[in-house]
Amino acid sequence: MSAPQAELEPPATDLITLTRHILSRQQALGEGATGDLTLLLVGIQVTSKYIASNVRKARLINLVGLAGAENVQGEDQKKLDVLSNDIMVNALRASGKVAVMVSEEIDEAILVKGSKGTYCVVFDPLDGSSNIDAGVNVGTIFGVYKVREGSSGSVDDVLRPGSEMVAAGYTMYGSSCNLILTTGQGVDGFTLDESLGEFILTHPDIQIPARGKIYSFNEGNASHFYPPVTDYLHSIKFPANNKPYSARYIGSMVADVHRTLLYGGIFGYPDDKKSKDGKLRMLYEAFPMAFITEQAGGVATTGTQRILDIVPSSIHGRCPVFLGSKDDVEDVKKFYADWDSDKKWTAPEA
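Residues numbered from 1 in each chain as written. Predicted model: local features only at pLDDT ≥ 70, side-chain atom pairs only at ≥ 80, totals over all residues. Heavy atoms only, no water.

Trainee: Would you take a moment to explain the overall build of the protein chain for this structure?
Mentor: Of the regular secondary structure elements, the protein chain holds seven helices and 15 strands. Looking at the protein chain as a whole, 51% of its 350 residues are labelled buried. For the protein chain, contacts bridging at least 24 residues in sequence account for 64% of all contacts bridging at least 6. For the protein chain, the exposed surface amounts to about 16200 Å²; the carbon and sulfur share of it is 50%. (Helix = DSSP H or I, 4+ residues; strand = E, 2+ residues; numbered from the N terminus. Buried < 20%, exposed > 50% of the residue type's maximum accessible area, 1.4 Å probe, protein only. Contact = heavy atoms within 4.5 Å. Areas by Shrake-Rupley, 256 points an atom, 1.4 Å probe, with all protein chains shown as cover.)

Structure follows, in structure tokens:
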């Protein structure tokens with residue numbers, strides 16, 4: 001006699017798409033909302049779909065490998081880097097809502113001539129692209145500023161603390177395509193339903209656990225770490241309770257932060273004896289991820305100061321990053337507080 005079959009749940013009929021979600025946030029603002037940010041974010045989701053499609057087909061349409069040039073960071077550009085950057089720039093320019101753009105792949109800020117846009121967008125079009133040939137998750141990171149009152153759009157409009165961003169997010173391209181977004185009212189996660197061509201709300205109101213069990217550091221640099229980082233890592237690998245943390249490091253910031261956001265723990269890329277400012281760029285990596293982390297109830301610090309309080313002096317400036325569960329990041333801050341050294345990182349003066 002066969003076992004009774006469980007009744008299948010019918011598919012949901014009240015889907016909350018990313019567009020619907022953004023529009024509902026706009027309506028909640030009332031008559032003061034112009035709709036400009038809504039149109040801008042809708043444009044970003046379209047670019048995410050297009051990039052996702054190309055990432056999945058990269059090997060088939062000859063988009064893997066080097067493009068034969070270096071970006072401003074001195075890193076070899078992948079073909080997908082260049083394509084993703086062009087997709088982002090063209091879509092944002094076409095939205096008519098952007099006055100200034102800063103991309104990891106371009107030396108100078110892009111000032112959109114003749115634009116009446118009131119927003120600035122900073123972005124890394126394809127984070128983690130060095131791993132693309134191995135099929136590792138990669139992603140797009142973005143942050144949005146409002147143009148200063150009275151400005152027609154200049155570099156000064158983005159050389160501001162991350163706390164002044166009005167929106168931030170990232171799209172992760174992997175086994176599924178996930179877009180994480182905050183407009184300063186919490187963090188929501190969406191998953192691309194390819195059959196519909198729409199991002200569907202699947203992770204509403206994401207909250208990072210107060211403490212996790214995973215740490216994510218590039219320990220290949222351990223010989224260069226300063227004492228606070230070395231001592232902190234020793235404390236979680238050899239704890240008094242004999243319950244060590246697990247190590248998980250992918251090497252793609254989007255993937256490592258996404259896991260930290262959902263499972264808790266800590267992600268860190270500190271400054272060290274080799275890289276005096278760390279590796280991660282403030283404007284389009286550290287600031288957006290710090291904004292998302294704080295909106296989800298976590299903490300983001302350089303070890304000695306809140307990341308979102310830093311005033312950048314250049315569009316490609318770097319800073320140390322520790323972010324994740326509140327209790328875990330506070331532990332790191334204690335090790336830095338006990339460290340008496342002139343090596344403590346401070347932001348370069350403008």
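That covers the picture; the talk isn't over yet.
Trainee: Would you mind showing me how to read the nonpolar core here?
Mentor: V158, L283 and M289 are the most contacted members of the largest nonpolar core, which has 46 residues in total. Broken down by secondary-structure element, the contributors of at least two residues to this core are strand 3 (98-103), strand 5 (119-127), strand 6 (138-146), strand 7 (167-173), helix 5 (253-263), strand 13 (266-269), helix 6 (282-295) and strand 15 (321-324). Among the elements that take part in this core, helix 6 stands out by supplying nine residues, more than any other. Filtering out sequence-adjacent residues up to four positions away, V158 remains in contact with V100, V102, C120, V122, Y145, L283, P312 and I315. (Core = buried A, V, L, I, M, F, W, Y, C linked by side-chain atoms within 4.5 Å.)

Trainee: Is there a simple way to explain unusual backbone geometry in this structure?
Mentor: A negative phi angle characterises most non-glycine residues, just as the trans form characterises most peptide bonds. Located in the positive-phi region is D205, a residue other than glycine, with phi close to 45 degrees. Structurally, D205 is set in the loop between strand 10 (198-203) and strand 11 (214-217). For D205, a relative accessible area of 49% corresponds to the partly exposed category. The phi angle at N242 is positive, at roughly 60 degrees, despite the residue not being glycine. Among the secondary structure elements, N242 is positioned in the loop between helix 4 (227-237) and strand 12 (246-247).

Everything listed is a geometric property; what it means functionally is a separate question.
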